[in-house]
2 protein chains.
Amino acid sequence: MKQIAMLLYPGFTPLDAIGPYHALSQFPGYEFSFVALNAGPISDGSATIMQAQKSISDVSAVDILVVPGGLPAITMARSGDPLIDWIAKVHPTTEWTISVCTGALMLGAAGVLKGVPATTHWYSHSELANYGAIPTDKRVVESGKIITAAGVSAGIDMSLVLAERIFGQAFAEKMQLDMEYDPKPPFNAGHPRSAPAEVHAELRELFDSVLKKD
Amino acid sequence: MKQIAMLLYPGFTPLDAIGPYHALSQFPGYEFSFVALNAGPISDGSATIMQAQKSISDVSAVDILVVPGGLPAITMARSGDPLIDWIAKVHPTTEWTISVCTGALMLGAAGVLKGVPATTHWYSHSELANYGAIPTDKRVVESGKIITAAGVSAGIDMSLVLAERIFGQAFAEKMQLDMEYDPKPPFNAGHPRSAPAEVHAELRELFDSVLKKD
């Protein structure tokens, strides 16, 4: 079996992980595992506690690496972390290296995105450039074997793009129909370009209060 | 604090739960818990193992009840289960009773949907009528305090509808922008009305092989 490893860490955003999990965990011929610094329970800091099947020390090669986002992805990317070193170690031999949301900053800190068109959560686009990436305003950005998805829910779109690349369009369509991904957002506020200015300003201020560098 | 309880059971579909979790776990003034027959680890049958904070025997009243779907939701609804009895017990005093995907069949079996317009995963619409519900072809169906969402990913849309009902449109828009829910499915296959006929037929046959009653 080929191996899919999705990296978890305390404070990860559950929807970044579970959005793509739905399709990826059904990929024929692939075994899906959650991987973390240490195997065992990993909390998002709220009510979600998931189990990592494997420690990074037990995993030296993977076929598909997926790095979901979360606030700590930004700070780990800034300050360095054993997970960043692990990404740098396994990336050269992956078939696909993938991020969702601010997971892209961890790929960046691992040196994976130098000169590579990539995306991340809308709030972190400018920071992505600090790692040599070329911030690209698309929901899913493909660049060779590297695929980056925009914020949180974009991991679902990414999973269908990846499903098509590996198994063809009919398989990807089957995954989309299985999860009834026929989105009808009740508001038009999913991106700063469409959200009301005051909603955007309020959320940006909240993120600034937590994340802005001195 | 008001209480949100999301019901988990072995074989639940993680995206049914974690799609709405993203917004619901940020509702101000509400405490979010995962609830199961017994507190502790609950597996989806694949790589996801989540922790339930509470046993149903410890929870006699909740403000928001959310029942995600999964294949076992269909069979538990057919055969009866202590979880169904618990839903019937707590529903009368909820502020909101909510399902995602085939979780609607569990609400139905608990007697909650008699004469109520409701939706579920596209595969299970006809079965929903067996419980007295009025199957309704919309992504999110509101009927008083009962909200039902269509298959799997529709829980995300539902969470924004609920956020608007409780906290108003600006809050719901902030949640949508936070999760960058600006969907761009790469294919037009999220519902039987749009999916290629052969993709629909193949998936229906797969579900039939697992679920069709004698």
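Residue numbers restart at each chain and count upward from 1, following the sequence in its written direction. Chain A is the first chain written and ligand 1 is the first ligand written, with later ones labelled in order. In view of the model being predicted, local features appear only for residues whose pLDDT reaches at least 70, and side-chain atom pairs are presented and counted only at 80 or more, with totals across whole chains, interfaces and linings using the full set of residues. Hydrogens and water molecules were not included; the side-chain quantities draw on all heavy atoms of the structure.

Caption draft 1: Up close: the environment of A:Lys114. Residue and element names in this part refer to chain A. Locating Lys114 in the fold gives a position in the loop between α4 (103-109) and β8 (117-118). Taking the C-alpha atoms as reference points, Lys114 and Ile134, 20 residues apart in sequence, are found 8.1 Å from one another. The contact criterion used throughout is that any non-hydrogen atoms of two residues lie within 4.5 Å. Excluding anything up to four places from it in sequence, Lys114 contacts Tyr131 and Gly132. Strands are runs of DSSP state E lasting at least two residues, helices are runs of H or I lasting at least four, and both sets are numbered from the N terminus onward.

Caption draft 2: Main features of the interface of chain B and chain A. At the junction of the two partners, chain B supplies 61 residues and chain A supplies 61 residues. Buried area: the accessible surface (1.4 Å probe) lost by two parts on joining, summed over both. Overall, the association of chain B and chain A removes approximately 5,300 Å² of surface from exposure, summing both partners, and the carbon and sulfur fraction of that is 63%. When residues of chain B are sorted by the area they lose upon contact with chain A, B:Leu177, B:Glu180 and B:Phe187 head the list and together hold 16% of the total. The salt bridge criterion pairs a side-chain nitrogen of Lys or Arg with a carboxyl oxygen of Asp or Glu, the two atoms within 4 Å. For the pair chain B and chain A, the number of links is four salt bridges. Think of a polar contact as two N or O atoms within 3.5 Å of one another; within protein, one of them needs to be a possible hydrogen donor and the other a possible acceptor, and neighboring residues in sequence only count if both atoms come from side chains. The tally of links between chain B and chain A comes to 38 residue pairs in polar contact (both at pLDDT 80 or more).

Caption draft 3: Up close: the pattern of salt bridges. Across all of its chains, the model carries 18 salt bridges over all chains by this definition. One salt-bridge network, held together by shared partners, links A:Asp137, A:Arg193, B:Asp182 and B:Lys184.

Caption draft 4: Geometry of the sheet that holds strand β2 (residues 30-36) of chain B. All names here are of chain B. Strands pair, by our definition, only if DSSP identifies at least two bridges between them. Taking strand neighbours across the sheet as the criterion, the seven strands line up as β5-β2-β1-β6-β7-β11-β10 in an open arrangement whose pairing is mixed. Lying at the two open borders of the sheet, with one neighbouring strand each, are β5 (54-55) and β10 (140-143). When strand β1 (residues 2-7) meets strand β6 (residues 64-67), the two strands line up parallel, connected through three bridges. Counted as the bridge partner of Ile4 is Ile64 from β6. Along the sheet, helix α6 (residues 154-167) contacts β2, β6, β7 (96-100), β10 and β11 (146-149); its crossing angle with β7, the most-contacted strand, is approximately 165 degrees. Fitting a line to C-alpha atoms yields each axis, with helices limited to the stretch in contact; the angle taken between N-to-C directions then spans 0 to 180 degrees.

Caption draft 5: How the structure looks around unusual backbone geometry. Residues and elements named next belong to chain A. The backbone phi angle of Cys101 is positive, close to 55 degrees, even though this residue is not glycine. Here Cys101 lies in the loop between β7 (96-100) and α4. Of note in the backbone geometry, Glu180 takes a positive phi value of approximately 45 degrees without being a glycine. For Glu180, the position within the fold is in the loop between α7 (169-178) and α8 (197-211).

Caption draft 6: Inspection of the domain arrangement of chain A at higher detail. All names here are of chain A. Segmentation into domains, and thus their bounds, comes from an automatic or database assignment. Under the domain assignment used here, chain A contains domain 1 (2-183) and domain 2 (185-214). Each of domain 1 and domain 2 has a C-alpha centre, and the two are 23 Å apart. With 10 residues of domain 1 at the interface, the matching set in domain 2 holds 13 residues. Of the roughly 1,000 Å² buried between domain 1 and domain 2 on both sides combined, carbon and sulfur atoms contribute 65%. For the interface between domain 1 and domain 2, the tally reads one salt bridge. Its salt-bridge partner being Arg193, residue Asp137 comes within 2.8 Å of it at the nearest N-O pair.

Caption draft 7: Fine view of the sheet that holds β7(A). Residues and elements named next belong to chain A. Pairing within the open sheet is mixed, and its seven strands lie in the order β5-β2-β1-β6-β7-β11-β10. Each edge of the open sheet carries a strand with a single partner, namely β5 (54-55) and β10 (140-143). Sheet strands in contact with helix α6 (residues 154-167) are β2 (30-36), β6 (64-67), β7, β10 and β11 (146-149), and its direction is about 165 degrees off that of β7.

Caption draft 8: Main features of the relation of the copies chain B and chain A. Only residues with pLDDT of at least 70 in both copies count here: their C-alpha atoms drive the least-squares fit that superposes the copies. You can overlay chain B on chain A at an RMSD of 0.0 Å; the transform is a turn of 180 degrees with a shift of 0.0 Å along its axis. Here the transformation between the copies is reduced to the relation of a two-fold axis. Measuring from the rotation axis to each C-alpha of chain B, the shortest distance belongs to B:Met50, at 2.4 Å. Comparing interface residues between copies, 100% of those in chain B also lie at the interface in chain A; the contact surface is shared.

Caption draft 9: Looking closely at helix α7 (residues 169-178) of chain B. Here the term buried applies to any residue with accessible area under 20% of the maximum for its type, exposed to any over 50%, and partly exposed to those in between, with areas from a 1.4 Å probe on protein chains only. When you tally the buried positions in α7(B), you get eight out of 10 residues, the bulk of the element. When we look at burial in α7(B), the residues that qualify are B:Phe171, B:Ala172, B:Glu173, B:Lys174, B:Met175, B:Gln176, B:Leu177 and B:Asp178. In the core, the buried residues of α7(B) are packed alongside α8 of chain A together with α1 (14-24) and α6 of chain B. B:Glu180 lies just past α7(B) and shows a positive phi near 45 degrees.

Caption draft 10: Expanded view of the packing of helix α1 (residues 14-24) of chain A against α6(A). Residue and element names in this part refer to chain A. Look at α1 against α6: their axes get within 7 Å of each other, and the N-to-C directions meet at 25 degrees. Accordingly, the angle class assigned to the pair α1 and α6 is roughly parallel. As for how α1 packs across α6, the hand of that crossing is right-handed. The segment α1 lies against α6, with Gly19, Pro20, Ala23 and Leu24 engaging Gly155, Ile156, Met158, Ser159 and Leu162. Put simply, angles under 35 degrees are roughly parallel, angles over 145 are roughly antiparallel, angles from 65 to 115 are roughly perpendicular, and the rest are oblique. Left-handed describes a crossing whose near helix is turned anticlockwise from the far helix by less than a right angle; the clockwise case is right-handed.

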